[in-house]
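# Descriptive analysis of the structure
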Amino acid sequence: MYKILMQLSQRKAIRILLAGCMFFAASCKTENMVPQVNESVKNIDGTWKIASATLNGTDILNTIPDAMTHLSGFGVTFTDGKYTLTNPIPFIVETDGTYTFNDPQYPFDISFTPTGATTAVKSTFQFPVVQGQRRVTLTFSPGCSKNIYVYTLKKDN
């Protein structure tokens, strides 16, 4: 008789436990607390000048004589998918052309295609805010792959 009572008690406990689990599972619901917002397309239209420049990790603005004078004249103007160079210096491309991002909303790369060229040249792309101003940081190697330039550009206009 004791054995029968124990079996009934175990069955009852299992039923109560299962009912409790089902009640708990039914009471859970997922809420989306963060609104769905689309990231804006990155707009770099305007003229950009060099704010800092390194070659293989060495600051070339402050260590190479007359570098700032030479580099300060450089500018790149982005307008509607096209770029124009002013006072060219060692840069990822030598002539004007078009540019594209690998992803317009979350770009990690920018590709430059000089006018008349069939292939694009790619650079990493960063778009940080420094001291309240948007910057563009490009990392590239024109020619020799052992020479790595990092230019940080600030908007001139």
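The structure under discussion appears in the preceding block.
This write-up is about the structure you can find in this document. Just so we're clear, the structure is a prediction, and the values are computed from it rather than from any experiment. (Residues numbered from 1 in each chain as written. Predicted model: local features only at pLDDT ≥ 70, side-chain atom pairs only at ≥ 80, totals over all residues. Heavy atoms only, no water.)

### Things to note about the pairing of strand β7 (residues 121-126)
Bridge count between strand β6 (residues 109-114) and β7: 4 bridges; the pairing is antiparallel. When the bridges of β7 are listed, D109 appears paired with T124. Counted between consecutive antiparallel strands, the loop separating β6 from β7 contains 6 residues, among which G116 sits at a positive phi close to 90 degrees. (Pairing = 2+ DSSP bridges. Helix = DSSP H or I, 4+ residues; strand = E, 2+ residues; numbered from the N terminus.)

### Describing the pairing of strand β4 (residues 82-86)
Side chains Y83 and L85 of β4 all project onto a buried face; the interleaved residues K82, T84 and T86 project onto a face where none is buried. In terms of strand pairing, strand β3 (residues 75-79) meets β4 through 5 bridges, oriented antiparallel. Looking across to β4, one finds that G75 is bridged to T86. Between the end of β3 and the start of β4, which pair antiparallel, lie 2 residues, with D80 showing a positive phi angle near 50 degrees. For β4 and strand β5 (residues 97-101), the ladder comprises 2 bridges, and the chain directions are antiparallel. Its bridge partner being in β5, K82 is matched across the sheet by T98. (Buried < 20%, exposed > 50% of the residue type's maximum accessible area, 1.4 Å probe, protein only.)

### Comments concerning the side chain of T47
Checked against the element boundaries, T47 lands in strand β1 (residues 46-55). Judged by relative accessible area, T47 falls into the buried class, the value being 16%. A distance of 2.9 Å separates polar atoms of two side chains, one belonging to T47 and the other to T77. (Polar contact = N/O pair within 3.5 Å; in protein donor to acceptor, adjacent residues only side chain to side chain.)

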